[in-house]
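# Architecture and fold: a report
Now for the letters of each chain:
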Amino acid sequence: MLRGLLKKPVTALQATSAFNKMVLQGPPRIPPKGRTFAVQYNLPRLPVPALESTLQKYLDSCKPLLDDDEYANTQKIVQNFKNNEGPELQSLLEQRAQNHINWLSDWWKNAAYLDVRLPVVVNVSPAIAVFKQDYHGQQEQLDFAARCIAGALDFKMSLDDQTLPVESLGGKPLCMYQYYTILGACRIPGVKRDSHICIPHGDPDSPKHINVIHNNYIFSVDVFDSKGKPLTMAQIREQLQDCVDHSQKPGVPVGLLTSMDRSSWGSVYNAMSKDKANKNSFENIQRSLFVINLDGPMPKSDLSSMDNLTGLLIHGGGSSLYSGNRWFDKTIQVTFGPEGYCGITYEHTSAEGPVIIGLIDHMISFAQRNQESWIKAADPKVPRRLQFNVSDKVKNIIKQAEYEIDSAVDDLMIRSICFKEYGKRFIKSQKLSPDAFIQLAFQLAYYRVYQKPCATYESGSLRRFQLGRTETIRSCTNASVAFTKAMDDNSLPPPEKEQLLRKAVAAHRKYTDDVVVGQGIDRHLLGLKMIALEQGMNVPELFMDLAYKEMTHFRMSTSQVAGVHTSFLAFGPVVPDGYGICYNPQEDYLNIAVTSYNNSPETNSETLANAIEQSFRDFRSLLMTKYSLTLYHMRKGSTYCSNTSTLVAARERKKGTNNIRFLTSIGNL
């Protein structure tokens, strides 16, 4: 259709450029003026996968989760969809794709975020906890916070000047738009659907202030002067001190309202906004660049645990600690405690974890360098404490919010794993994909605990495409189940288990490769369902089937977010009987956070975390055992041989060594 429209054959790049010149639905265009957006508008648009391909992959993904009768029934339903409404919905979706820069982005923003009525705390907003920094006490806390704020301003200026390098994946450039949606952005509550504000970079009306929260009081702090020059670290430090000086006693925790379910908060927000002072304060927060939370001291018993510090970033620790010292609607909140802990909590509507961790890595690196290149700004304005007129009715609602956040804190179980026995370096030395390897460890751990597989979500990037967000990498595959069942089968020799492991890793790698080129199935199926609803059609039977419900009930929701600095990213489970698992793999160690709900009798983060660590150890033993397997297979008359075992055997022969004990000890490493 594109070739007919353009009248002559064109390259893919020319075709993309031609479409971008049409009137397409999408966000306001950011004019390219530097390298950050140099290739943005030449990126391809998200494709609509072929219907038959998606339906076959769907059946393949269903098979490990269904019994034979259920699978046979699902096959009939899929075939019926393929023969009836499927092609029509596919055609309608392809037409939508012609008129949108990204056919998915608006739907996804609403369906995944703004339509969700659950509280953003735990359910939506992840947190990134950075390992303890080298500062202690309130004065050093303010020093470090000022340096980090300066780092964030430096990051913003690189975005404004478009000097941030274009990121790539597999040698392909990635969409950089998400970076322009995290500063100056905020979620706004609604009774039925939330809205989202993001002030464009470079806009004459773009924000020049941040918000600082201390003792529940919220301040507006200018960080640029009237000419757009950023404040220096010393000037920012003075501003922070002024905020602390004017909030010595705790105020009314208005911020707790942002932790409520979205419909309740939306109703309160609408009522409070009728007051002019409240409305102005709300708008000030919504339009600020980001929020800084200055916490007080932690109980000494909590400081020794990374679990507690990660929880503090996710939910604030409850009403008795610092949940009221937050504004959970804000896209970026950076929290600093006087004992050296810090991190980011981010509302998820704007962006994914890799973009957010890019920001915090920049801030921490800038703070640790402790130097800046800009000169002192003109006289900055004195910080202004925002005013909230809180009625007795709203105070009672805040009391209810206290009860709800405390329940949420008590319900969330977090277990942090810092696995130091090996990291990516060892996995890559075995010619295996680290991500797929780690995902297989999750599969084995879950199978060992529950004796069955489960639908598993891994976040896969669609940023090769304009406005791309995420697609589901389905980690539970026929190959993964075959491996997990075999791993503890003592009748199978290690070489067969290793072969099944490698097949499962290869299957995961193949699925991942399909996802990043826009050939995943979950977003395509969502699009077919959404287009049916838009057209006033009945929801197809495919989406009412038990298999679809089981397929989308992700008892393990996982994501890899790798950062430069040692950190844990954590988020809550997406289903009541599930786990949230995030991992930050480093060359010589693996950081993993596992969450679950205490109220679920079926889940326990500590149990699964222990099983994951054991999976890692067993994987290493399985892979290293091959150094001693040459002798085993020589005795058995097997033809099994691997490059590694052959090499080791040759080296030992050259040394004149035939030490079975030596070879066995290598296998037990």
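So, here is what we can say about the structure in this document. The numbering scheme is per chain: residues are counted from 1 as the chain's sequence reads. Restriction of local features to residues with pLDDT of at least 70 applies here, the model being predicted, together with a cutoff of 80 or more for giving and counting side-chain atom pairs; totals for whole chains, interfaces and linings are based on all residues. Hydrogens and water molecules were not included; the side-chain quantities draw on all heavy atoms of the structure.

Turning our attention to the overall build of the protein. The helix and strand tally for the protein stands at 24 helices and 18 strands. Looking at the protein as a whole, 58% of its 669 residues qualify as buried. Contact criterion: two residues are considered in contact whenever any of their non-hydrogen atoms come within 4.5 Å of each other. Long-range contacts, defined as pairs at least 24 residues apart, comprise 75% of the intrachain contacts of the protein with a sequence gap of at least 6. When the accessible surface of the protein is totalled, it reaches about 28,300 Å², and 51% of it is carbon and sulfur. Starting at the N terminus, helices and strands are each numbered in turn, a helix being any DSSP run of H or I of at least four residues and a strand any DSSP run of E of at least two. Three labels apply to residues, based on accessible area from a 1.4 Å probe with only protein chains included: buried if under 20% of the type maximum, exposed if over 50%, partly exposed otherwise in between. Note on areas: Shrake-Rupley, 1.4 Å probe, and residue coverage restricted to the protein chains presented here.

Of all hydrophobic cores here, the largest spans 83 residues; its most connected members are Y58, L257, F388 and L542. No other element matches the six residues that helix α19 (residues 522–534) contributes to this core. Residues belong to one nonpolar core when they are buried, are Ala, Val, Leu, Ile, Met, Phe, Trp, Tyr or Cys, and are joined through side-chain atoms within 4.5 Å. In terms of nonpolar packing, the next biggest core, distinct from the first, is built from 61 residues, I128, A146, Y179 and V355 among them.

Strand pairing follows a simple DSSP-based rule, namely that at least 2 bridges must link the two strands. One open sheet holds the six strands; their spatial order is β12-β18-β17-β15-β13-β14, and the pairing between them is mixed. Single-partner strands in this sheet number two, and they are β12 (412–419) and β14 (470–474). Shown here is a sheet whose adjacent strand axes are inclined to one another by a mean of 25°, direction ignored. Two strands pair when backbone bridges link them, and strand β15 (residues 556–560) and strand β17 (residues 579–585) are joined in this way by five bridges, in the parallel orientation. For T558, the partnering residue across the bridge sits in β17 and is I581. Each axis is a line fitted through C-alpha atoms, taken for helices only over the stretch in contact, and angles between the N-to-C directions span 0 to 180 degrees.

Attention shifts here to the environment of K63. Here K63 lies in the loop between α3 (51–62) and α4 (68–83). Look at K63 and you get partly exposed, because its relative accessible area is 40%. The spacing of K63 and N478 is 415 residues in sequence and 7.2 Å in space, taken between C-alpha atoms.

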